[in-house]
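Topology and contacts: notes
Residues per chain are reported as follows:
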Protein chains: 2
Amino acid sequence: MNLESASPTGFEATSGLTQKGEQTRARILEAALFLFMERGYDRATMREIARQAGVSLGNAYYYFRSKEHLIQGYYAQSHQDHLQACRDILEHEKNLEDRLRKVLEAKIVTSEPYHQFAGALFKTAADPSSPLSPFSPESQPTRSQATQLMAQVLDGSDVNAPDDLAAELPKLLWLYLMGVILFWIHDRSPGCARTFLLIEHTSRLVAKLIRLARNPLLRPLTHRTLEMLRDFQADDRRLTDSQDSL
Amino acid sequence: MNLESASPTGFEATSGLTQKGEQTRARILEAALFLFMERGYDRATMREIARQAGVSLGNAYYYFRSKEHLIQGYYAQSHQDHLQACRDILEHEKNLEDRLRKVLEAKIVTSEPYHQFAGALFKTAADPSSPLSPFSPESQPTRSQATQLMAQVLDGSDVNAPDDLAAELPKLLWLYLMGVILFWIHDRSPGCARTFLLIEHTSRLVAKLIRLARNPLLRPLTHRTLEMLRDFQADDRRLTDSQDSL
DNA sequence: GTCTATAACCGGATAGAC
DNA sequence: GTCTATCCGGTTATAGAC
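Quantities reported herein were computed from a predicted structural model and do not represent experimental measurements.

Right, let's talk about the overall build of chain A for a bit. In terms of helices and strands, chain A carries ten helices and zero strands. N-terminal to C-terminal, the α/β element order of chain A is α-α-α-α-α-α-α-α-α-α. Put simply, of all contacts in chain A between residues at least 6 apart along the chain, 71% involve residues at least 24 apart. Surface exposure of chain A reaches about 12,700 Å², of which carbon and sulfur atoms provide 53%.

As a further point, take the protein's contact with DNA strand D. Taken together, 18 residues lie near DNA strand D, and Met 46, Arg 47 and Tyr 61 of chain A together with Ser 56 and Tyr 63 of chain B sit nearest. For DNA strand D, the backbone makes up 58% of the atoms found within 4 Å of the protein, where backbone means sugar plus phosphate. At 3.4 Å, a backbone N or O of Thr 18 of chain B approaches a phosphate oxygen of DNA strand D. For DNA strand D, a sugar or linking oxygen lies 3.2 Å from a polar atom in the side chain of Asn 59 of chain B. When grouped by side-chain class, the residues that make up the surface near DNA strand D number eight nonpolar, seven polar and three charged.

The subject of this paragraph is the relation of the copies chain A and chain B. In screw terms, the move from chain A to chain B is a rotation of 179 degrees and a rise of 0.1 Å along the axis, fitting with an RMSD of 0.3 Å. Here the two chains are linked by the operation of a two-fold rotation axis. Taking the C-alpha atom as reference, chain A places Lys 123 of chain A closest to the rotation axis, 2.5 Å from it.

All names here are of chain A. Residue position: Thr 110 is located in helix H5 (residues 96-111). Of the residues examined, Thr 110 reaches a relative accessible area of 17% and is grouped as buried. A distance of 2.9 Å separates the side chain of Thr 110 from the backbone oxygen of Ala 106, its partner in a polar contact. In this view, Thr 110 contacts Asp 81, His 82 and Ala 85; residues no more than four positions away in its chain are not counted.

The next thing to look at is the interface of chain A and chain B. Counting from both sides, the interface comprises 35 residues of chain A and, opposite them, 36 residues of chain B. Of all residues in chain A, the largest losses of buried area upon contact with chain B belong to Lys 123, Arg 194 and Phe 232 of chain A, amounting jointly to 20% of the total for that side. Scanning the region where chain A abuts chain B turns up zero salt bridges. The interface formed by chain A and chain B contains zero residue pairs in polar contact (both at pLDDT 80 or more). Secondary structure elements with two or more residues in the side of chain A that touches chain B: helix H6 (115-125), helix H8 (163-186), helix H9 (193-212) and helix H10 (219-233) of chain A. No other element matches H9 of chain A, which puts ten residues into the side of chain A that touches chain B. Split into classes, the residues belonging to the side of chain A that touches chain B amount to 16 nonpolar, eight polar and eleven charged.

What follows is about the domain arrangement of chain A. Residue and element names in this part refer to chain A. When its domains are assigned, chain A resolves into domain 1 (4-63) and domain 2 (78-214). If you average the C-alpha positions of domain 1 and of domain 2, the two centres end up 29 Å apart. Here domain 1 packs against domain 2, burying approximately 550 Å² in sum over the two surfaces, 72% of which is carbon and sulfur. When the buried area of domain 1 at its contact with domain 2 is split by residue, Phe 36, Met 37 and Tyr 41 rank highest and sum to 75% of it. Run the count over domain 1 and domain 2 and you get zero salt bridges. Linking domain 1 to domain 2 there are zero residue pairs in polar contact (both at pLDDT 80 or more).

About the criteria used
- Residues numbered from 1 in each chain as written.
- Chains lettered and ligands numbered in written order.
- Predicted model: local features only at pLDDT ≥ 70, side-chain atom pairs only at ≥ 80, totals over all residues.
- Heavy atoms only, no water.
- Helix = DSSP H or I, 4+ residues; strand = E, 2+ residues; numbered from the N terminus.
- Contact = heavy atoms within 4.5 Å.
- Areas by Shrake-Rupley, 256 points an atom, 1.4 Å probe, with all protein chains shown as cover.
- Near = heavy atom within 4 Å.
- Polar contact = N/O pair within 3.5 Å; in protein donor to acceptor, adjacent residues only side chain to side chain.
- Nonpolar A, V, L, I, M, F, W, Y, C, P; charged D, E, K, R; others polar.
- Least-squares fit on C-alpha atoms with pLDDT ≥ 70 in both.
- Buried < 20%, exposed > 50% of the residue type's maximum accessible area, 1.4 Å probe, protein only.
- Buried area = accessible area lost by both parts, 1.4 Å probe.
- Salt bridge = Lys/Arg side-chain N within 4 Å of Asp/Glu carboxyl O.
- Domains from an automatic or database assignment.

If you want it as structure tokens, here you go:
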């Protein structure tokens, strides 16, 4: 369950840290995630995280600029877990409704251990100026990975959306996923039953809409919507360039 | 620009405070809103707010349980400003597209002075455990007022939605408004031009969808969607009871 | 130059006297 | 209802060890 696996290459282009540094960093991150889960984000103090990791407080701040930055570790881990859980689904399920629903359900299931502190997490992520905002430039790598996953959901399915729509759909589905997560964060029902209900209903609805998109009656509506989306992405081109391997 | 106008009745059913208490409370709130606008939420310290209001730090906490609670004052003010700005629109505009668009635009225009600190504000509001979450029980009064406004947008318009849809639409439009605000908070374009673009496009789209809802092709879709919504509100009935005058 | 530690600072929040 | 004194935890400054 290690997040960092020290690359045994001679140099450390990604981090600029020595092996020992990497290890210390990993220990702090591990301690943080453990304590976040154990008692929630707010009540896990930096002092305690440092102590648990066996380092001083100042040292923890040497590796992580702020408490919030410790959360990035969670993002990465969460997406990896999700990918893992989706492998089977993407391989065997062909029906779009089911693909979509199961992939969304997998996201919630794999995120469940973190539910209690996801609220606090989201609190900081919601601030647009925060590097943790899912819309921030810093999140671009993770965002684009998640979008790719949605593209796979579509590609392997039994539905062939019109080309113009198909080009935008992965991004739209990612946005839909964000909405579901937003709901989940606020969901206090036992076992997050309401979120699963939401997924069940909306995934069917969304899939149906995608199927309907070829219908002549809806074509102008679809067309106008897509035009709008392209408008908005005109300015966003600054970010969509290079890309880490993460 | 006073938020509280001390009711000259003998008793204070709403607040449980004496007149002097009301005044002190109002002074603190006024100082807070002033400083929030002056230098942003984060950099306005409680100590400074207290000093500006001419009270001690502890005293400020006597009236407001936390710094976050001071934000409620902003909510109330913002909605009042919006109502004011909507009066004309609701009275003279009949076309649904235009009503909707103008009401949304009014929300953004009246909120513009607070844009810089709305991010920080939203940050705390996004936490589901916070009383400031727009979905929290504490926000119910404001939420229901805003929903009523949306009902008015529909009622006075030239569109007559099917009954089952009409019953849910105000809430849905309020949710739509929340989405627009979310976008606005993240909008860094000059004059928030992108938000206005978003409103222009989506309000037309939403209005068109409402008009389309009578179409037989879409009826089953609409019906299923509404069923889903009713499902979800089944549990929410605990909150929808009494209501402050605010 | 990379890492680690100690000692402060600052601001939100609370306790308890008056 | 109002104050003062204090706690607590995120964050920073800075000095020194490897």
